[in-house]
Amino acid sequence: AWLRYRYWQPRHCKVATRLIAISRYVADQLMAFGVDSSSIEVIPNGITIKRPRVVSPESEDLLVLARHDVNKNLPAVLRGVAQLQRINPEWKGVLRIIGRQGRQSSIVRRLRKELTNPKQVKLIDAMPDQELLTCIRSSLALISASSEEGFDYPVLEAKAEGIPTILSDIRVHREFHQSSSLFFSDDDGTGLANNVHALLVENRIWGDLSRNGFSLAKQLSVEAQQTAIRNQLADLLK
């Protein structure tokens, strides 16, 4: 992947007549490769709404969909859980981290073992689609602590179900989710813990995030994405 990024992607970008970026953040990265901004079109990923949104929290559980890779920053999530257990010892939920093991697996396992109650964190390699859907819709919130993303599709998947999201304060998260998510910095975990605590005690916050996130998912539809791509192809054929 690094070799493709370092050597082939600049060549592809150089010969392309039009490039589609899935975010303004990615567009800026393409420009850093030397791509002329006039040849870049930002077309976000889309999603299809298939079900009515969840209208109230069904549990105190938390969900992370991420491989154990460095950019997913899972240690930040474990630090947040450690603080949550400290400031809110009556929290009855479970954090499920669903994703393949990777370079940070040993750190994740160590931080889990150091928790006041390690049983409140479940490390799951994979889950069948229907079980995963049930898990998403029954969670209090989805968390993404990523330090680097081009779009972060699981966040949009959660919003399509009406589930609030708690996100790391990185550029691409602010680009799309400024008014429909809670944000935390990469600190000792206090920011993340406070966000979870707010969802636990303030029904209004949970409801606002559910509605606003669902509204965003409707705006970022697959149909809108397809139409924008077809328009670009038609423009090239003129």
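Refer to the structure presented above.
Keep in mind that this is a model prediction, so the values were computed, not measured. (Residues numbered from 1 in each chain as written. Predicted model: local features only at pLDDT ≥ 70, side-chain atom pairs only at ≥ 80, totals over all residues. Heavy atoms only, no water.)

**Quick notes on the side chain of Q120**
Right, on to step 1. Looking at the secondary structure, you find Q120 in the loop between α4 (105–113) and β5 (121–124).
Right, on to step 2. A relative accessible area of 10% means that Q120 is categorised as buried.
Right, on to step 3. A distance of 3.1 Å separates the side chain of Q120 from the backbone oxygen of W91, its partner in a polar contact.
Right, on to step 4. Apart from residues lying up to four places away in sequence, Q120 is in contact with Q85, W91, K92, G93, V94 and L95. (Helix = DSSP H or I, 4+ residues; strand = E, 2+ residues; numbered from the N terminus. Buried < 20%, exposed > 50% of the residue type's maximum accessible area, 1.4 Å probe, protein only. Polar contact = N/O pair within 3.5 Å; in protein donor to acceptor, adjacent residues only side chain to side chain. Contact = heavy atoms within 4.5 Å.)

**Quick word on the side chain of Q85**
Right, on to step 1. By the element assignment, Q85 lies in helix α3 (residues 74–87).
Right, on to step 2. Excluding its chain neighbours within four sequence positions, the residues that come into contact with Q85 are W91, L115, T116, N117 and Q120.

**As for the sheet that holds β5**
Right, on to step 1. Reading across from one edge, β5-β4-β3-β6-β7-β8 is the order of the six strands in this open sheet, with parallel pairing throughout. Strands with a single pairing partner mark the edges of an open sheet, and in this sheet they are β5 and β8 (182–184). Mean inter-strand twist for the sheet, computed between neighbouring axes without regard to direction, equals 20°.
Right, on to step 2. Bridge count between strand β6 (residues 141–144) and strand β7 (residues 165–168): three bridges; the pairing is parallel. Counterpart to L142 in the pairing with β7 is T165. (Pairing = 2+ DSSP bridges. Axes fitted to C-alpha atoms, helices over the stretch in contact; angles between N-to-C directions.)

**Topic: a nonpolar patch on the surface**
Right, on to step 1. A cluster of nonpolar side chains, W2, L3, Y7 and W8, forms an exposed patch at the surface whose accessible area comes to about 530 Å².
Right, on to step 2. Secondary-structure assignment places Y7 in helix α1 (residues 2–15). (Patch = residues over 30% accessible without salt bridge, like charges linked within 9 Å, V, L, I, M, F, W, Y side chains within 5 Å. Areas by Shrake-Rupley, 256 points an atom, 1.4 Å probe, with all protein chains shown as cover. Salt bridge = Lys/Arg side-chain N within 4 Å of Asp/Glu carboxyl O.)

**Considering unusual backbone geometry**
Right, on to step 1. Backbone geometry at N73 places phi at a positive 55°, although glycine is not the residue there.
Right, on to step 2. Mapped onto the fold, N73 is located in the loop between β3 (62–65) and α3.
Right, on to step 3. Despite not being glycine, D152 has its phi angle at roughly 75°, a positive value.
Right, on to step 4. For D152, a relative accessible area of 7% corresponds to the buried category.

**Looking at the pairing of strand β4 (residues 95–98)**
Consecutive side chains of a regular strand alternate in pointing toward one face of the sheet and then the other.
Right, on to step 1. The sheet contact formed by β3 and β4 spans four bridges and is parallel. Following the sheet pairing, L62 is matched in β4 by L95.
Right, on to step 2. A crossover connection joins β3 to the parallel β4 through α3; in handedness this β-α-β unit is right-handed.
Right, on to step 3. Where β4 lies against β5, four bridges are found, and the strand directions are parallel. When the sheet's bridge partners are listed, I97 is paired in β5 with L123.
Right, on to step 4. In this view, the connection linking β4 to its parallel neighbour β5 by way of α4 has right-handed handedness. (Right-handed = clockwise from strand over helix to strand, strands pointing away.)

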